Amino acid sequence: MEAETVPTRSIAASLRAAWMAGRYVLGRAARLALDIALPTLCVSCREPVDGEGVCAACWAKLSFIERPYCPRLGIPFVYDPGPDMLSMEAIASPPAYQRARAAVRYDDVARTLVHALKYQDRTDLAPAMGRWMARAGSELLAGADMLVPVPLHWRRAWRRRYNQSGALARIIARQSGVKVRSEVLCRVRATEQQIGLSRAQRATNVQGAFQVSADRQTEVQGRRIILVDDVLTSGATLDACARALLRAKAAQVDVLVFARVVETR
């Protein structure tokens, strides 16, 4: 029975991937037709903009994360504490993943970009966001074997039509040459939205939600993997994903996101 179950699961996963790819292509075609008819507006201030979806004024408001930052979690420091100095968060509660990097702080403009990409079909924003992520994660990408986008549960993927983490991962792959392996990690349990939950509730919500299927474990073993997502808040989802990959014998798991929440002290 087990021998019959694995191929059936693989076929179902392939069919879902093909269906999602088809819907994504149709959505892109419709958006292209609309862009020809109407001018592109800045996603933040709604002023006309040429190309990337963010005007120069709003681009200047983005808070890009530069050194000095925690070498483990990528949290920016107010001043340079010296080489290899970890943040309090990294010392008090180290995650399962090895390192995390983010392109920008999760401020008002970044939030607008993420929500537009995630909920408003603004896939035209992915190229710029992905390029900024590739720049921020160049250190991680240099030694990586694959990019794994944080997966959606199939019911949420059906409603949303595409995975924003996958869209970002494809842009990073073009910039870095590191291949995307979207089918390696599966979300096997539907979870509640993390918004509004406490840190402890977030961790409980995603516990056991991710899994590397048996027919994909050989692809993971001994590999250095980068998890790709749009936002790092508490890190609970990414931590759960990292644990699933490490259980499948991944050599190391790092994290690359577009934006991260930075608490002001």
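The preceding data block contains the structure.
Read on for an overview of the structure.

Brief notes about the sheet that holds strand β5 (residues 224–232)
With parallel pairing, four strands are arranged side by side in an open sheet as β1-β6-β5-β2. Since the sheet does not close on itself, it has two edges, and those belong to β1 (100–105) and β2 (146–149), each with one partner. Adjacent strand axes in the sheet meet at a mean angle of 20° when their direction is disregarded. This element, helix α11 (residues 236–247), spans β5 and β6 (252–260) of the sheet and lies at about 165° to β5.

Side note on the packing of aromatic side chains
For the coordinates displayed, the defined rule picks out three aromatic pairs. Both rings, one in tryptophan 59 and one in phenylalanine 64, keep their centres 5.7 Å apart while their planes meet at 50°; by these two values the pair is tilted. Looking at phenylalanine 64, the relative accessible area reads 24%, which means it is partly exposed. A connected cluster of aromatic rings, assembled from ring pairs, spans Trp59, Phe64, Trp132 and Phe258.

Some details on the packing of helix α5 (residues 126–136) against helix α8 (residues 164–176)
The N-to-C vectors of α5 and α8 enclose an angle of 60°; their axes lie 8 Å apart at closest approach. In this view, α5 runs oblique relative to α8, as classed from their interaxial angle. Helix-helix and strand crossings are classified by hand; for α5 and α8 the assignment is right-handed. Here Ala126, Pro127, Met129, Gly130, Arg131, Met133 and Ala134 of α5 come into contact with α8, specifically with Ala167, Leu168, Ile171, Ile172 and Gln175.

Structural notes on the pattern of salt bridges
One pass over the structure, following the stated rule, counts ten salt bridges. Ionic pairing is found between arginine 122 and aspartate 124, a salt bridge with its closest N-O pair at 2.8 Å. As far as the burial class goes, arginine 122 and aspartate 124 line up, both buried. One salt-bridge network, held together by shared partners, links Arg67, Arg99, Arg101, Glu139 and Asp254.

Definitions and cut-offs
- Residues numbered from 1 in each chain as written.
- Predicted model: local features only at pLDDT ≥ 70, side-chain atom pairs only at ≥ 80, totals over all residues.
- Heavy atoms only, no water.
- Pairing = 2+ DSSP bridges.
- Helix = DSSP H or I, 4+ residues; strand = E, 2+ residues; numbered from the N terminus.
- Axes fitted to C-alpha atoms, helices over the stretch in contact; angles between N-to-C directions.
- Contact = heavy atoms within 4.5 Å.
- Phe/Tyr/Trp six-rings, centres within 6.5 Å; stacked < 30°, edge-to-face > 60°.
- Buried < 20%, exposed > 50% of the residue type's maximum accessible area, 1.4 Å probe, protein only.
- Parallel < 35°, antiparallel > 145°, perpendicular 65-115°, else oblique.
- Left-handed = near helix turned anticlockwise from the far one by under 90°.
- Salt bridge = Lys/Arg side-chain N within 4 Å of Asp/Glu carboxyl O.

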